[in-house]
Structure formats: structure tokens, C-alpha cells
Amino acid sequence: MQIRLDADMDKDYVLGLKGITKRFPGVTALDNVSVDIERGTIHGLIGENGAGKSTLIKVLGGIYHPDSGVIEQDGKQCVFTSPIEARRAGVSVVHQEIKLSETLTVAENMFLGNLMLKGRQLVDWKGMRRRAQEIVEDLGMDIDVNETVESLSVAKKQVVAIMQAINNESKILIMDEPSAVLTERELDTMFRIVKDLRDKGITIIYISHRLDEVFELCDNVTVLRDGMHIDTLPVADVSKQQLVEMMVGREMGLEYPKETAPIGDTVLEVKNLKRGNVLKDISFKVKSGEVFGISGLVGAGRTELARAILGIDSIDSGEIYVRGEKINYHSFKNAINEGMGLIPEDRKLQGIVQVMSVKKNTVLANLDRVSRRGVINAKLEEQYSKEYVDKLRVSTPSMDTEVQYLSGGNQQKVVIAKWLFRESEILFLDEPTRGIDVGAKVEIYRLINEMVNEGKTVIMISSEMQELIGMCDRIMVMHEGKKMGEMDRDEVTQEKIMALCV
Amino acid sequence: MNNQTETLGKKRNLASDISRLSKDYMSVVGIILLAIIFSISSYLKHGAQYFMTLQNWTNIMLQSSTVAIVALGQSIILLTGNFDLSLGRNVAFISAVGALLMKNVGMNTGLVVLIMFALGIVLGAFNGVMTAYVGIPAFIATLGTQYIAYGLAKLLTQATPIPNLPASIGWLGRGYVLNNIIPISVIMMLFVYIVAQFVTSKTKVGRNIYALGGSQEAAFFSGINVKRYTFGTFVTAGILCALGALVLMSRLNSVAVTNGQNYEFDAVIGSIIGGISLAGGKGRVIGTMFGCIFLITMFNGFSQLGVDPFVQDVLKGIVLVAAITLDVVRNRKKA
């Protein structure tokens, strides 16, 4: 104990949170949280959705004011009553949804709200461009500072947001799940930049869902659960399994509970599918009971392939066979009638109707099954939706709760329930676990097991290679619209996929 | 733990029930309050009761019926998350065509009625095609239609009222049933609202309309034909414009370019007071009927109190802003 205390004395803390509590009507988002952040380190902040991560960031960024507790910067108490004050004190936040002016240039964005002036009123454009160029070169990035932000990729937009922070001479940079929108390669660049910044003495607070990143990047890590501070410790002292258990508060089973289902006949066959530049001669077959993975970088044409097969986008040439019969369809509706279903990429926007109840969302894709002559039978609707919600173990206060109030994992289960209720046999899952808690992910995997055990076919698109390797019977790799290869479960490795990805 | 979550769920339900009830019936409560206030003020001002009379209420209901019939179309469009600015001027244009065909051409009334409905369908279909298939924002497409319809109405009538329409359509706006107490136009209003309430709340079509308003993308990815439904709601609104035009010209026994003026906005105010959300996907169409009656009752009361009509316009603007503020506040998500 004594030793630990002495060690603590040596440490140089740039930021200290002392007993921060923040309440909202009905919830305590942060409950007496105390965390010290060491200067010049990358400090990971992890926890499930609702653990209090975002609230903590908002308190640090001056958006929320704690009900009690204090923030100390360099050992002195400080109060941020607005984001501007926080920024002046050297605390910058790079939000997940990047807040930049799309129509302004990179240089202009970097100086947003902080323009360089010539004399008293005139803007010093030249000076700003020069300074922007310096920062870009410093980061070793290939970005034209005169380009408008809207033409940049998401990854580069994030870099611009970071440059904005550097330009503001931030001492503390808070990054809210930057990796959620990045591909693996972009991630490497991001990691390099973040490590560079640390080596220059900037402290980084890095929020993430992905534990692998925490191990790769962070020096220390803080775990939050249900608004409470569980622990803060050096990453070197902890295992992944331990972190997961701290996050979910219970022991976890296998990360990927794969069960192999009996494989049946070919249900879907795609031959020489072509669509402009996005799909170049794609052919593959999938059998019933199979989980078929589609891997590749963002922009490889994975979602586009699903959309083409599902009749959402038109194709230039190629054939699609369902259970051996060639199908000619023109719309998504036709594909649904052929027994296909799609759990789309953007759950909140495309998967669920947020303001509708759990019950109504569940039956939405198959109203015919609960209605007679177009009139909905309320009893049947209640009964069926309850059956599916129970079967998928959706946790909801009631059937009439609007889906927007459920957690991400439960929302995704409702989307899956919708297609199971439609009795779809071939299910496309596009990034099915994106933004979902560790615990809930495993539940989604179990549902995938159940689906294939019932003889359905699952086609899973994912950017998380581990997830594909863990859950799929076969994986197809795509790159720039081309099929690069296909591997069986027993021969697949991350290295093999990566080799085909690029 | 389990018990706790259960009671929490129940409490939340009770709270949401109360908020839902207050939203659904706010306009009914509003009408009752207005009735009390205006009855008292009528006594205070005139020393006699002019407001709470059968004749005055018949009047209120007559006026409400035409606005409410057109407003129903707006409500259905609002439910899908769209908006129609052309409704009021469509009424004027359809009436003008109808009046000219009856009076100047001397066409058979039944045939004219059919033509008026066809015209309503064409106007709605135009809005629908532009919005759903061409992809122009509804706001702009229907603004265009508004000007086209108004321009054509002025052109056809030379901006001169056409009075004394054939007696054969008089019954629609001026006829009564049940001991000459209940106006036929009110029956018409009730009829379309009951049908619409049933369709929107009990049928597949209705459910899909709500899904569209909740999220067009999610509706699409559930296999709903978003374009066809969007088109359909505009056509429905066009048909209701034709019905509104008929009832209105019959009641006024005259057609002028001012027929139906501002109906589209009155419809929005009525819809929002009635509990329909501007953001789409929420509310009950029957609420719009009460919302419209509320609006008409209010202005009837103001007129009796001798409030300057120009001031009434100002008040209408205030009510519109207040109603939309209410809608925004109601839909603001809890942090």
C-alpha cells in the first residue's frame, strides 16, 4: 500500500476528476467517478453503452456540468462552463460525428473560430494556409489544405479535426470512438498520429469499443460500468478477458460461440455479377445452414454486392439463382418474396423505425401475416410479436415501448426478429454488431447459430475480421469490386485475409 | 431486481398513457375551454348569450367541415413526413373549373362533380410524381402547384366571383338531416374522418404510412414501396381537395379565387393542435378534426367579441407558431 502511494506521488497528472456525479431524470449517468490522467499518456476509456463514457466526455468538454465533484487541471481546480472555455484551457474533443464545416476548406476548418488576423480586422489567409500546411506535413499526411472538407474521406476528416485541436494548442485531446468509422489501414495511420502526439507531450483520452485497440495503443485504461468507476490501471497489467469481465460485470463465455450446423443444398448462386465499377464479375454459391462471410476493406464493394443481389441496385449483367431457379427481379420487394432479408448497415436509420413500438417494428416486414383483407388483427399482432421477441430474448419494458429507447443490441435483435417473422431463408447481415456492446454481440452470434441450425442461410458482411473468422463457415474476400478468393473455416487466418484485401 | 424493472415499466406506461391522452384530446379540452370562456364573455359584452346557441354552433361546424375535409389530406401527408402547400389553391382552382362548367357550359352536375374529382386526382398526382418519383422536395413541388393552381383559378374566373350556382349541388353545403339540425357537410366530414381513422390505425396501408413517417429508409428496408405510398398520400389529399371544394362552393353558393385561401396552413395548425407531428410518423388523424374545430371556434369567438379581423390574422400566426413550438417540445428527445 505504502509503495503504491509513493509511486503515485511521482506521477505527473495533467487532469484529475474528483468524485464527479452527474444525474439525469431517472438515471445517474456518473456516480462519484474519480480518475487521474497521467501527462503525456494515451488513456483508454472503455465501457458498454450507457456506462457513462459519453457523459464523462461531455463533462470534460464543458458541455455538461457535474452535479457534484471537481475537475483539476495541473493540480488546480477548474470549471468549464462551455466548450469554448474547455478549448481555451487546452481540452479538445474529436467527436464521433465529426463537426466540421463541409463546404469550407481544410485550412479554413482548422482555424474555425480562431482566425489568424492581419492587423485588426483582416483575415490572414496566406498565413493560415502556411500554418495548415506545416501541421499537415508534421503529421505526415497527404491532404491538400485548399480542398473542401466534403470531398475528403471520413478518415481524413478525422485527421482535420485532430489538426484543428493541434492548432488550438490543445494539451488534452479527447477522441470519441474514432475507429468506429475507419478501415484497418486508416486505423494504422490514426494510431501513428496518436502516438506521435503523445510523444510530443499531448495527453490523449481515447474512447473505444474495441479492446484490441486499447492493447495496441493505450498506456492506461479506465473501465466504467453503469456510471461507476470500476478501475484504472496500466494496460500491461490486465488481460483482455479481465477487461471484458470488468465491463460487463460478470464472467463471459466464449467470444465467438460458433456452432456448426448441418450443411444442405445450394440455396443461392451468383454468377458473373457485374455493375459498373463497383462489382466486377462476382460469382459464388451459398448452401443452407452456412454462415458465409464477406470480407474486405470499406469500399471493396461488399454492401454493393448485397444491394445488387437484393434488387436494390440494378446490375449490368450476371445471373442469380435461388434454390436452382434463375430469378429475374427488379426490386427489393421481389427479393424479399424470394425469401431474402437484409439486416442493414445503419441500424438506427435503416433497420428500425425509431418512433414505432417494438411490436410494430417486429411485424413491419410481414403485415400480411397478421392481417386479413388488409385489416390488422391486433390480437394476432400482439401474439406473434411477443413470440418472436421472446424467442430472440429482446429485453424491453413492454411491447409498446418505442424501439429508440432500447439498447443497440436489443434494437438489432428487433431487426433480426423482423426478418425471422418474414420467414426469410437467406439473410444478409451487414455489419450486424457495429456499435453493439460486447455482451450483446455474443447474443447476436448465438442468434446466428440458431438461424443456421434451423436451416437458414446467413451471409455476413463485416469489417471486424475476427468476427468473420470466429463465426463463418466460409469467407469470401473482396477488393475494389473483385472477388479475391474464398477460404474455408479451417484454413482461414487473419494474415491470409489481409493478403487478399490489398 | 425483476420486480423492480416490472414496476418501473408500469410506471413509465402510466406516464406515457397520460401524456398520450393529453396529446390526443388536448384539442377537445381546448374546445370546451373556449366554449366556457366565450359564453361568459358573450354575457359580459352583450348581456345575452350569442355564442352558446344552436345557430352559432351549427355555423362553427359548417365552417369547420370544409377546412377539416381538406386538412385530413394534409394530416395524412404530414404522417409520412411530407407537406403540401398547394391544398388551399387547389380548392380554388377545382371550384373555379366546376363553377364554369356548371354555369357557362351548362354541363350536367353529376358529370361536373366527376370532373372536379378527376382534377383533384390530377393535381395530387402531379405533386406525388414530383415528390416521390422525380425527387423534388415536397415543399418546393407543392409551392409550384400552389402558384399554378392559383394562376389558373384567376385566369378562368378573371378574378370575379361566380355566384348563384345550380340548385342541384346546394344540398351538399346547405342541406340538413335529422329534423334539419345536422348539416350534411358535417356528416361528410365525420364520414371521411371515421374512414381515415380506421384506415390509418387498423390497416396495413395505415401502418405503412406511419412507418414511412418514422423513417423512409427503414420503411424501404422493410420492403415497403415508399414511392408508391408517397404518391398515394398526395393523390388522397387531391381527392379531399375536390370534396372540400364541392362542399365549400355549395355552402357559399359562390366561387371566388379566395375559396380555400390559406386552407393548407389552417390544415397544418389543425393537424398539429390535433396531435400530429410535423416530423411525421406520430399522431392520430381524428385529432385533426378536433384541431380544426378548435381553430374555427376560436375565430368565431373572437369575431363575436369584435376583434379586428386583421388582428385575427396576427393571432392565427401566433397560434401556428405556438402549435409548432408545442410539437417541437413534445418531440424533443430526453437526454
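Residues numbered from 1 in each chain as written. Chains lettered and ligands numbered in written order. Predicted model: local features only at pLDDT ≥ 70, side-chain atom pairs only at ≥ 80, totals over all residues. Heavy atoms only, no water.

1. With respect to the overall build of chain A
This is how it is decided: Counting from the N terminus, the helices are the DSSP runs of H or I reaching at least four residues and the strands are the DSSP runs of E reaching at least two. Exposed residues in this analysis have more than 50% of their type's maximum accessible area, buried residues have under 20%, and partly exposed residues fall in between, with area computed by a 1.4 Å probe over protein chains only. Throughout, a residue-residue contact means that at least one pair of heavy atoms, one from each residue, lies within 4.5 Å. Using a 1.4 Å probe, the Shrake-Rupley method yields the accessible areas, and only the shown protein chains count as cover for residues.
Helices and strands together make up the secondary structure of chain A, namely 18 helices and 24 strands. Taking the principal axes of its C-alpha atoms as reference, chain A extends roughly 70 × 50 × 45 Å. When the 502 residues of chain A are sorted by exposure, 54% land in the buried category. The contacts in chain A between residues at least 6 apart in sequence include a share of 67% that link residues at least 24 apart. Approximately 22,200 Å² of chain A is accessible, and the part contributed by carbon and sulfur atoms is 46%.

2. A short note on the environment of alanine 118 of chain B
Residue and element names in this part refer to chain B. Among the secondary structure elements, alanine 118 is positioned in helix H5 (residues 109-134). Here alanine 118 falls in the partly exposed class, since its relative accessible area comes to 38%. Placed 121 residues apart in sequence, alanine 118 and isoleucine 239 show a C-alpha to C-alpha distance of 7.9 Å.

3. As for the packing of helix H5 (residues 125-138) of chain A against helix H6 (residues 154-167) of chain A
All names here are of chain A. Our working rule: Axis definition: a line fitted to C-alpha atoms, over the contacting stretch in the case of helices. Angles run 0 to 180 degrees between N-to-C directions. Oblique is the label for any angle not under 35 degrees, not over 145, and not in the 65 to 115 range, which are roughly parallel, roughly antiparallel and roughly perpendicular in turn. Crossing handedness is read from the near helix: turned anticlockwise from the far helix by less than a right angle, it gives a left-handed crossing, and turned clockwise, a right-handed one. In the scheme used here, Gly and all other residues not listed as nonpolar or charged are polar, with Ala, Val, Leu, Ile, Met, Phe, Trp, Tyr, Cys and Pro taken as nonpolar and Asp, Glu, Lys and Arg as charged.
Two numbers describe how H5 lies on H6: the axes approach to 11 Å, and their chain directions differ by 115°. What the angle tells us is that H5 and H6 run roughly perpendicular. In the crossing of H5 with H6, the sense of the turn from one axis to the other is right-handed. Contacts from Arg131, Ile135 and Val136 of H5 reach H6 at Met163, Ile166 and Asn167. Of the residues assigned to the contact of H5 with H6, the class counts are four nonpolar, one polar and one charged.

4. Here we look at the pairing of strand E23 (residues 474-479) of chain A
All names here are of chain A. Convention followed: Pairing between strands is defined by DSSP: at least two bridges between them are needed.
Of all the six residues making up E23, six are buried; the element is thus mostly covered by neighbouring parts of the structure. Every second residue of E23 is oriented toward a common face, with Arg474, Met476 and Met478 on one face and Ile475, Val477 and His479 on the other, all of them buried. For E23 and strand E24 (residues 482-488), the ladder comprises six bridges, and the chain directions are antiparallel. Note that in E24 the partner of valine 477 across the bridge is glycine 485. Two successive antiparallel strands, E23 and E24, enclose a turn made up of two residues, where glutamate 480 displays a positive phi of approximately 45°.

5. Some points on a positive patch on the surface
Residues and elements named next belong to chain A. What counts is decided by this rule: Within this analysis, patches are made of residues with over 30% relative accessible area and no salt bridge. Like charges are joined at 9 Å or less; nonpolar side chains (Val, Leu, Ile, Met, Phe, Trp, Tyr) at 5 Å or less. Any carboxyl oxygen of Asp or Glu within 4 Å of a side-chain nitrogen of Lys or Arg constitutes a salt bridge here. The charge count treats Lys and Arg as positive and Asp and Glu as negative. His and the chain ends do not count. One atom stands in for each charge, and that atom is NZ of Lys, CZ of Arg, CG of Asp or CD of Glu.
Among the surface-exposed residues, Lys118, Lys126, Arg129 and Arg130 lie close enough to one another that they form a single positively charged patch. Here the positive patch takes three residues from H5, the largest share from any one element. Mapped onto the secondary structure, lysine 126 falls in helix H5. Relative accessible area serves as the criterion here: at 63%, lysine 126 is assigned to the exposed category.

6. Topic: the packing of aromatic side chains
Residues and elements named next belong to chain B. What counts here: In summary, the pairing rule links any two rings of Phe, Tyr or Trp, Trp by its six-membered ring, whose centres are within 6.5 Å, and it sorts them by plane angle into stacked for under 30 degrees, edge-to-face for over 60 and tilted for everything else.
For the structure shown, the criterion picks out 15 aromatic pairs over all chains. Pairing tyrosine 133 with phenylalanine 231 gives two aromatic rings, centres 6.1 Å apart and planes at 65°, and the pair type is edge-to-face. Taken together, the residues tyrosine 133 in helix H5 and phenylalanine 231 in helix H11 (residues 226-252) connect sequence positions 98 residues apart. Take tyrosine 133: its relative accessible area is 43%, and that puts it in the partly exposed class.

7. As for the sheet that holds strand E1 (residues 13-24) of chain A
Residues and elements named next belong to chain A. In spatial order, the strands read E2-E1-E4-E5; together these four strands make up an open sheet with antiparallel pairing. One side of each edge strand has no neighbouring strand; the edge strands of this open sheet are strand E2 (27-38) and strand E5 (76-78). Direction aside, the axes of adjacent strands within the sheet are offset by 25° on average. Examined bridge by bridge, strand E4 (residues 68-73) and E5 share three bridges and lie antiparallel to one another. In the strand pairing of E5, isoleucine 71 is matched with cysteine 78. Across the sheet, helix H2 (residues 53-60) lies against E1, E2 and E4, angled at about 115° from E1, the strand it touches most.

8. Some remarks on the interface of chain A and chain B
Our working rule: Buried area: the accessible area, evaluated with a 1.4 Å probe, that two parts lose upon being put together, summed over both parts. A 3.5 Å cut-off defines polar contacts: any pair of N or O atoms within that distance qualifies, except that in protein one atom must be a possible hydrogen donor and the other a possible acceptor, and neighbouring residues in sequence count only when both atoms are side-chain atoms.
Each side of the interface is counted separately: chain A has 33 residues, and chain B has 25 residues. At the boundary of chain A with chain B, total buried surface from both sides reaches about 2,300 Å², with 61% on carbon and sulfur atoms. On the surface where chain A and chain B come into contact, there are three salt bridges. For aspartate 368 of chain A, the salt bridge goes to lysine 204 of chain B, with nearest N and O atoms at 2.8 Å. Put simply, chain A and chain B have 10 residue pairs in polar contact (both at pLDDT 80 or more) between them. Broken down by secondary-structure element, the contributors of at least two residues to the side of chain A that touches chain B are helix H11 (332-337), helix H12 (347-351), helix H13 (358-363), strand E20 (375-376) and helix H15 (408-421) of chain A. Here the residues of the side of chain A that touches chain B sort into 20 nonpolar, six polar and seven charged.

On their own, these measurements won't tell you what the molecule is for.
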